[in-house]
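Listed here are the chains, written in short residue letters.
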Amino acid sequence: RAKQEGRNRHAFFTQEMQALAMRRLQLENALRRAIERGEMCLHYQPQISLCNGSLIGVEALLRWNHPTLGAISPAEFIPVAEHTGQIVTIGEWVLRQACVQLQQWRQAGLPSMVVAVNLSAAQFRQPDLVQRVAQALADSGLPAEWLELELTESTAMHDPQAAIATVDALRALGVHLSLDDFGTGYSSLNHLKRFQIGKLKIDQSFVRGLPDDAEDAGIVETIIQMARSLGLKTVAEGVETEAQRAFLQQRGCDQMQGYLLARPLPAKDFESWWRARFSPEG
Ligand code: C2E
Ligand code: MG
Ligand code: MG
Ligand code: MG
């Protein structure tokens, strides 16, 4: 009987793994044409100052709506695109699209704000990354100072020497850099202080437990203190409640981003959000 059960379990796992592999292959194929077919778009999530509530910028987040598979989460398709290398082409499209959108907003009279773009490891390692970024800026007309690039800790710490050199070159161009999902990787303080990175994004897994979870509260306080002593700004990700916001503000976190403020919004909806919240004409 035990043997039979074992066999069933084995068959079940094999089936499940086959289904996963099928889905992956399906996504890989669909990803190949997703951009040219107009299935991808960017949503924008605002970041505000915890000091005075002013708008600091927006993070551009990729959305994929497939005609038959429906909306596919970046948590599912970004790893696939990273695995196949498709992320390089897709990421370049994101970068260009985000620069064009921000430049349009600037020309339409929206206030000064940065647009933050997520860079995957493969993109960051491209030998001509700096030229590509410079070209995206030149083609859109967006001044470099309004672009921020988000690296994850693992991207930055994988080969710190090389990463520091790339960050220096990007900074020389005038763009800003931030470290995403901070606290989930293994940053060496020694390397961190040599990175010309302007801010740390405190990962939402630590924000979730605020203010009651003593461990999360301790970690967040420590990150804020450490960032301050390194001369870095902090942004809390995934802020959903007023109690979380109050805690972060009290502890000296500089900025926040999260559903409490706004979800990632299509460009048009972001404009309405901004007008309702900030524009004098309302
Ligand atoms: P991330 O860069 O850390 O982005 C933040 C994620 O948290 C986004 O998920 C956002 O929608 C979500 N979020 C924001 N506020 C809240 C909140 O209050 N509560 C909760 N529960 N979630 C919140 P999203 O858009 O699903 O993206 C997931 C990840 O996929 C991103 O994490 C990023 O690593 C990756 N990603 C998204 N767009 C791109 C892209 O254009 N290029 C690359 N390389 N990666 C991307
Ligand atoms: Mg990000
Ligand atoms: Mg993050
Ligand atoms: Mg993340």
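Our subject is the structure that appears above.
Residues numbered from 1 in each chain as written. Chains lettered and ligands numbered in written order. Predicted model: local features only at pLDDT ≥ 70, side-chain atom pairs only at ≥ 80, totals over all residues. Heavy atoms only, no water.

Details of the coordination of the magnesium ion (ligand 3)
For clarity, the threshold we go by: Note: metal donors comprise N, O and S atoms at 2.8 Å or less from the metal (3.2 Å for Na, K and Ca); water molecules are not included, so apparent gaps in a site are possible.
Summarising the metal site, the magnesium ion (ligand 3) is bound by the protein donors Asp 180 (OD), Asp 181 (OD), Glu 237 (OE) and Glu 237 (OE), whose distances to it range over 2.0 to 2.4 Å. Counting along the primary sequence, the residues that act as donors to the magnesium ion (ligand 3) give the motif D-D-x55-E. The magnesium ion (ligand 2) is placed at 4.1 Å from the magnesium ion (ligand 3), the two being bridged by Asp 180.

Considering the nonpolar core
Here is the rule we go by: We define a nonpolar core as any set of buried Ala, Val, Leu, Ile, Met, Phe, Trp, Tyr and Cys residues linked to one another through side-chain atoms lying within 4.5 Å. Any residue under 20% of the maximum accessible area for its type is buried, any over 50% is exposed, and the rest in between are partly exposed; the area is computed with a 1.4 Å probe on protein chains only. Helix numbering and strand numbering both begin at the N terminus, where a helix is a DSSP run of H or I of at least 4 residues and a strand a DSSP run of E of at least 2. Any two residues having at least one pair of non-hydrogen atoms within 4.5 Å are treated as being in contact.
Among the nonpolar cores identified, the biggest contains 81 residues, and Leu 147, Leu 149 and Phe 270 are the most heavily contacted of them. No other element matches the 8 residues that helix H3 (residues 87-107) contributes to this core. Contact partners of Leu 149, with chain neighbours within four places excluded, come to Leu 95, Val 117, Leu 119, Val 133, Leu 170, Val 175, His 176, Leu 177 and Ser 178.

Considering the layout of surface pockets
How we decide: The rule is simple: put a 1 Å grid over the protein atoms alone, call a set of points where a 1.4 Å probe fits but cannot get out a cavity, call an open set with protein on both sides within 12 Å along at least five of seven lines a pocket, and count a residue as lining if it has an atom within 4 Å of a point. Grid points are joined across faces, edges and corners, and a volume is the space filled by probe spheres set on the points. Under the scheme applied here, ten amino acids are nonpolar (Ala, Val, Leu, Ile, Met, Phe, Trp, Tyr, Cys and Pro), four are charged (Asp, Glu, Lys and Arg), and all others, including Gly, are polar.
If you add up the space inside the largest pocket, you get close to 1100 Å³. As for the largest pocket, its lining consists of 39 residues, of which Glu 59, Leu 61, Pro 74, Asn 118 and Asp 180 are closest to the centre. Residue assignment for the lining of the largest pocket shows that the elements contributing at least two residues are strand E2 (55-66), helix H2 (74-84), H3, helix H4 (121-124), strand E5 (147-152), helix H6 (153-158) and strand E6 (176-182). Tallied by class, residues from the lining of the largest pocket come to 13 nonpolar, 15 polar and 11 charged. Taken as a whole, the second largest pocket spans an internal volume of roughly 190 Å³. Lining the second largest pocket are Ile 56, Ser 112, Met 113, Val 114, Trp 146, Glu 148, His 176, Leu 177, Gly 198, Lys 199, Lys 233 and Gln 255. Classifying every residue of the lining of the second largest pocket by side-chain character gives 5 nonpolar, 4 polar and 3 charged.

What about unusual backbone geometry?
Cis geometry is found at the peptide bond from Leu 210 to Pro 211, where omega equals 0°. Locating Pro 211 in the fold gives a position in the loop between helix H9 (204-207) and helix H10 (214-229). Despite not being glycine, Asp 181 shows a phi value in the positive range, around 50°. In this structure, Asp 181 sits in strand E6.

Observations regarding the site of ligand 1
Put simply, the rule is: Any residue with at least one heavy atom within 4 Å of a molecule or strand is counted as near it. Between N or O atoms, a polar contact is any pair within 3.5 Å; within protein, one atom must be a potential hydrogen donor and the other a potential acceptor, and residues adjacent in sequence are included only when both atoms are from side chains. The Shrake-Rupley method, run with a 1.4 Å probe, gives the accessible areas here. Residue values count only the displayed protein chains as cover.
Of all residues adjacent to ligand 1, which total 20 residues, the nearest are Arg 63, Asn 118, Asp 180, Glu 240 and Tyr 259. In the environment of ligand 1, an oxygen atom lies 3.1 Å from a nitrogen or oxygen atom belonging to the side chain of Gln 204. Protein contacts shield 82% of the accessible area of ligand 1, which totals 800 Å² for the unbound molecule. Elements with a contribution of two residues or more to the shell around ligand 1: E2, H2 and E6. For the shell around ligand 1, the element with the most residues is E2, which contributes 4 residues. A per-class count over the shell around ligand 1 returns 8 nonpolar, 6 polar and 6 charged.

Overview of the packing of aromatic side chains
Definition in use: Stacked, edge-to-face and tilted labels apply to pairs of Phe, Tyr and Trp rings (six-membered ring for Trp) whose centres lie within 6.5 Å, assigned for plane angles under 30 degrees, over 60, and everything in between, in that order. Lysine NZ or arginine CZ positioned within 6 Å of the ring centre and within 35 degrees of the ring normal marks a charge as sitting over the ring.
Counted according to the given criterion, the structure contains 5 aromatic pairs. Summarising the aromatic geometry, the rings of Trp 64 and Phe 77 are spaced 5.4 Å apart at their centres and angled 85° between planes, so their arrangement reads as edge-to-face. Highlighted residues: Trp 64 in strand E2 and Phe 77 in helix H2, separated in sequence by 13 residues. By the burial criterion, Trp 64 is buried, and Phe 77 matches it. Pairing Trp 105 with Phe 270 gives two aromatic rings, centres 5.0 Å apart and planes at 45°, and the pair type is tilted. Placement of the pair is Trp 105 in helix H3 and Phe 270 in helix H12 (residues 267-277), with a sequence separation of 165 residues. The two residues Trp 105 and Phe 270 agree in class, both being buried. Through a chain of ring-to-ring contacts, three or more aromatic side chains come together here, namely Tyr 44, Trp 105, Phe 270, Trp 273 and Phe 278. Its guanidinium or amino end placed over the ring of Tyr 259, Arg 263 lies 3.8 Å from that ring's centre, counting from NZ or CZ.

Section: H3
Rules: Here the expected length of a helix is defined as 1.5 Å per residue gap, with one fewer gap than residues.
Taking 1.5 Å of rise per residue, the 21 residues of H3 would be expected to cover 30 Å, and the 30 Å separating its terminal C-alpha atoms lies within 8% of that figure. Every buried residue belonging to H3 is among Ile 87, Ile 90, Gly 91, Glu 92, Val 94, Leu 95, Ala 98, Cys 99, Gln 101, Leu 102, Gln 103 and Trp 105, and all of these are buried. Phi for Gly 109, located one or two positions after H3, is positive at around 90°.

Looking at the side chain of Glu 153
Definition in use: None of His or the chain ends enter the tally, which takes Lys and Arg as positive and Asp and Glu as negative. Whenever a carboxyl oxygen of Asp or Glu lies within 4 Å of a side-chain nitrogen of Lys or Arg, that contact is scored as a salt bridge.
Mapped onto the elements of the fold, Glu 153 is located in helix H6. For Glu 153, which is buried and forms no salt bridge, the nearest opposite charge comes from Lys 201, at a distance of 13 Å. Side-chain polar atoms of Glu 153 contact the backbone nitrogen of Thr 184, separated by 3.3 Å. Here the side chain of Glu 153 touches Ser 187 through a polar contact of 2.4 Å, side chain to side chain. Discounting chain neighbours no more than four positions away, the residues touching Glu 153 are Leu 179, Asp 180, Asp 181, Phe 182, Gly 183, Thr 184, Gly 185, Tyr 186 and Ser 187.

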